[in-house]
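Secondary and tertiary structure notes
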Amino acid sequence: MAERLLQASRQRRVKAMTAAAGSAGQAAVPLLLCALLAPGGAYVLDDSDGLGREFDGIGAVSGGGATSRLLVNYPEPYRSQILDYLFKPNFGASLHILKVEIGGDGQTTDGTEPSHMHYELDENYFRGYEWWLMKEAKKRNPNITLMGLPWSFPGWLGKGFNWPYVNLQLTAYYVVTWIVGAKHYHDLDIDYIGIWNERAFDINYIKVLRRMLNYQGLQQVKIIASDNLWEPISASMLLDSELLKVIDVIGAHYPGTHTVKDARLTGKKLWSSEDFSTLNSDVGAGCWGRILNQNYINGYMTATIAWNLVASYYEQLPYGRCGLMTAQEPWSGHYVVEAPIWIAAHTTQFTQPGWYYLKTVGHLEKGGSYVALTDGLGNLTIIIETMSHKHSMCIRPLLPYFNVSQQFATFILKGSFSEIPELQVWYTKLGKPSERFLFKQLDSLWLLDSGGRFTLDLQEDGLLTLTTLSTGSKGSHPLPPRSQPFPRVYKDDFNVDYPFFSEAPNFADQTGVFEYFMNIEDPGEHRFTLRQVLNQRPITWAADAFNTISIIGDYKWSNLTVKCDVYIETPEKGGVFIAGRVNKGGILIRSARGVFFWIFANGIYRVTGDLAGWIIYTSGHADVTAKKWYTLTLTINGGFSSGTLNGKPLWKNVSVNFPKNGWAAIGTHSFEFAQFDNFRVEAIH
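Being a predicted model, the structure only gives us computed values, none of them experimental.

Reading the values: rules and limits
- Residues numbered from 1 in each chain as written.
- Predicted model: local features only at pLDDT ≥ 70, side-chain atom pairs only at ≥ 80, totals over all residues.
- Heavy atoms only, no water.
- Buried < 20%, exposed > 50% of the residue type's maximum accessible area, 1.4 Å probe, protein only.
- Helix = DSSP H or I, 4+ residues; strand = E, 2+ residues; numbered from the N terminus.
- Patch = residues over 30% accessible without salt bridge, like charges linked within 9 Å, V, L, I, M, F, W, Y side chains within 5 Å.
- Areas by Shrake-Rupley, 256 points an atom, 1.4 Å probe, with all protein chains shown as cover.
- Salt bridge = Lys/Arg side-chain N within 4 Å of Asp/Glu carboxyl O.
- Expected span 1.5 Å × (residues − 1).
- Bend = angle between axes of the 7 residues up to and from the residue.
- Pairing = 2+ DSSP bridges.
- Contact = heavy atoms within 4.5 Å.
- Axes fitted to C-alpha atoms, helices over the stretch in contact; angles between N-to-C directions.
- UniProt positions renumbered as here; feature names shortened; annotations may be inferred.
- Disulfide = S-S within 2.5 Å.
- pLDDT = per-residue confidence, 0-100.
- Phe/Tyr/Trp six-rings, centres within 6.5 Å; stacked < 30°, edge-to-face > 60°.
- Lys NZ or Arg CZ within 6 Å of the ring centre and 35° of its normal.

Turning our eyes to something else, we now look at helix α2 (residues 78-87). Within α2, 8 of the 10 residues are buried, which leaves the element mostly enclosed by the surrounding structure. Arg79, Gln81, Ile82, Leu83, Asp84, Tyr85, Leu86 and Phe87 are the residues of α2 that are buried.

Here's what the structure looks like:
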């Protein structure tokens, strides 16, 4: 191995003792090889005394919820390019782990994701987009680790209670069918399964789940718990030997790089199973770089998983642009490969799950940290970060103050690494545009006559990877199209014979689930429609509204006309609406304001200033009944609005002063079946 490395490095050796950044200029030269001139800390990297913990990978979450919603209707080649930046090995983020939401029909942050079992006797393994996403990830990296976790659950599991542990066998059966379906219909092997995201766990449920997995021949599927805090799961495991046995990994969320004593005492693998959740600016990139190192150094965590994979949801929803990259414009094809993608690459492209951390990892004297990993076959990867407090604050938890300053750091390679002749060098510098570099390859470091010693000049807000691997690369595709607003005139007749996805493009369900539907008994123009398919409230994770609603369009829209054919399926009690200027979504959907035009099966119409229906602008009688198609039109212009039913004015010049702008929307009065067709919106500006 040493011989091979020696040969390869001689071939590549261009400038023996320099590490200049070439065209980058002197500002970007992070390396200095003259140790004599450089007082500073010295750090030994050694495997003589054995190795640290096994590395399990870096990953990201799709879901929790509907975070990949807009990705699926990107046109090619842009959709594939985005997927390459996320999953393709040695290209971009090159993620090792993909964690997805097991859709449960409830609002789970930025929207709802459909369940594979809306009702007790219903099974469909082609709803939503997570199956497709897992297959695309596997296509690019067959070794990617797949994880599933429920946030909400379909209502029938609760038997009238908002609780998934009413019937433990039933809930375990529901989760196991998702794992079996993934294999049967999509040839996907799920590696890890979770319990209930950031909510209570039930000890007996975890045991029942393990037994049912084993009974189905799924012994290889591991259980991670509890996707919340380190406690009380860790203490519970120490007090219950069977529970300790059935849980493979303790997963904590937003641990702030620290763990607790009980978690370490279990002897289990510790993961930060959800982290980051920060705007993908340079500060978000700094946060990501810092925690990828320090989750292991401070907290022994061997995997870190970012929420979320890609910001593919309307930006004004909660936590807008908190993905590793941004892809929120399928109508234009525009996307942005943000800095966190390249921060991830510093670790992911030069390690693999199954590598081991060295025991010799830690903090630098003047702030920052270093880790080193090996494959046990002679390869070594060192990752050094010097993220300042100001430029690496994550959204949570609060980050105690620390100081980072420019420093010289001498590294000494010992043990099996003492003979390494050369290290490849990759560098990121965040901050001022003139000094900013993302994942730039510098000249390699020649160590042949140095006795395994080298000294680095480390600047603040930098990230440096030194590695024996020469496979890293900064992948690129041609620039995507430029950013464009949502089309001012947009229509959808939902006439899709065999839809590839169950949901219509650009509609973002915020309570309820809206799916393509075929009316077998309607040979006319309403054969293909969009249907709200939930008939009961899910077991919620967040504050779902009491009405169902799907939003669409440009949040900046103010003056617009929304037109849609509607069909109430529930006699007497049923009701539907179309809306404009809807100003809230996601976990805040219950308090959404806007202009909502409702009709009800009992012959009433209503215009309200909010989704909940508390603010009534006007109401009256309308010639409306269930099981009949009607065309509703809502026009909002300045401070006034008007509405028509089947082209005839029903109400006009109703004053609407708040909000000034927002999305268009459709929805129903309660969790009830209803259909929508020939949707059209025209925004004036």
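This next bit is on a nonpolar patch on the surface. On the surface, a nonpolar cluster with roughly 310 Å² of combined accessible area is contributed by Phe161, Trp163 and Val166. Mapped onto the fold, Val166 is located in the loop between β6 (145-150) and α4 (168-186).

The next point concerns helix α9 (residues 282-299). Between its terminal C-alpha atoms α9 stretches 24 Å, which fits the 26 Å expected from 18 residues at 1.5 Å a residue. Of all the bends in α9, the largest measures some 35° and sits at Asn293. Where burial is concerned, most of α9 is hidden: 16 out of the 18 residues are buried. Where α9 terminates, the next one or two residues include Tyr300, which has phi positive at roughly 60°.

A few words now on unusual backbone geometry. Each neighbour pair has its own omega, and for Glu76 with Pro77 the value is 5°, a cis peptide bond. Summarising the element assignment, Pro77 is placed in the loop between β4 (57-62) and α2. Omega for the peptide link from Arg396 to Pro397 comes to -10°, which places this bond in the cis form. On the secondary structure map, Pro397 appears in the loop between β18 (380-385) and β19 (407-413). Even without being glycine, Asp105 reaches a positive phi, approximately 75°. Within the secondary structure, Asp105 sits in the loop between β5 (97-102) and α3 (130-140). Non-glycine residue Phe494 carries a positive phi angle of around 60°. With respect to the helices, strands and loops of the structure, Phe494 is situated in the loop between β24 (489-492) and β25 (508-511). On the accessibility criterion, Phe494 (1% relative accessible area) is buried.

Turning our attention to the sheet that holds strand β8 (residues 222-228). With respect to topology, 8 strands assemble into a closed barrel ordered β4-β5-β6-β7-β8-β9-β10-β11, the strand pairing being parallel. Bridging between β8 and strand β9 (residues 249-253) involves 4 bridges; their strand directions are parallel. What sits directly across from Ser226, in β9, is Gly251. The strands touched by α9 are β4, β10 (269-276) and β11 (301-307); relative to β11, the strand with the most contacts, the crossing angle is about 155°.

This paragraph deals with the UniProt feature "domain: Glycosyl hydrolase family 59 catalytic" (unreviewed entry) in the protein chain. UniProt records the feature "domain: Glycosyl hydrolase family 59 catalytic" (unreviewed entry) at residues 55-349, using the numbering of this structure. End-to-end, the C-alpha atoms of residues 55-349 are 14 Å apart, and along that stretch the chain is 34% helix and 19% strand.

A few words on the state of the cysteines. Scanning the model with the defined rule gives 1 disulfide in all. What pairs with Cys287 in a disulfide is Cys394, and their sulfur atoms sit 2.1 Å apart. Sign of the S-S torsion, about 100° for the bond between Cys287 and Cys394, identifies this disulfide as right-handed. With Cys287 in helix α9 and Cys394 in the loop between β18 and β19, the pair connects residues that are 107 residues apart, well separated along the chain. Residue classification places Cys287 among the buried positions, given a relative accessible area of 0%.

Okay, the confidence of the model for the protein chain next. Summarising the model, the protein chain shows a mean pLDDT of 95, and 94% of its residues fall at 70 or more. Within the model, pLDDT remains below 50 along residues 2-6, and this stretch shows 4 contacts once partners closer than five positions in the same chain are excluded.

Any two aromatic rings considered together are summarised by their centre-to-centre distance and by the angle between their planes. All chains considered together, the criterion is met by 45 aromatic pairs. The lysine or arginine in question, Arg527, covers the ring of Phe528, its NZ or CZ lying 6.0 Å from the ring centre. Over the ring of Phe546 we find Arg537, and its NZ or CZ is 4.6 Å from the ring centre.

Take the sheet that holds strand β12 (residues 310-311) next. Spatially, β12-β13-β14 is the arrangement adopted by the 3 strands of the open sheet, whose pairing is mixed. The strands lining the two open edges of the sheet, one partner per strand, are β12 and β14 (334-336). Where β12 and strand β13 (residues 325-329) come together, 2 bridges link them in parallel fashion. Looking across to β13, one finds that Ala311 is bridged to Thr326.

Let's shift gears to the pattern of salt bridges. Considering all chains together, one arrives at 21 salt bridges under this definition. Between Lys207 and Asp240 there is a salt bridge, with the nearest N and O atoms lying 2.8 Å from each other. Of this pair, Lys207 sits in helix α5 (residues 203-215) while Asp240 sits in the loop between α6 (233-239) and α7 (241-246), and the two are 33 residues apart along the sequence. We note that Lys207, like Asp240, is buried. Salt-bridge contacts for Glu242 lead to Arg211; the nearest nitrogen and oxygen are separated by 3.5 Å. Separated by 31 residues along the polypeptide, Glu242 in helix α7 and Arg211 in helix α5 bring together distant segments of the chain. Using a relative accessible area of 47% as the deciding quantity, one classes Arg211 as partly exposed. Through salt bridges that share partners, Asp84, Glu136, Lys139 and Arg140 make up one connected network.

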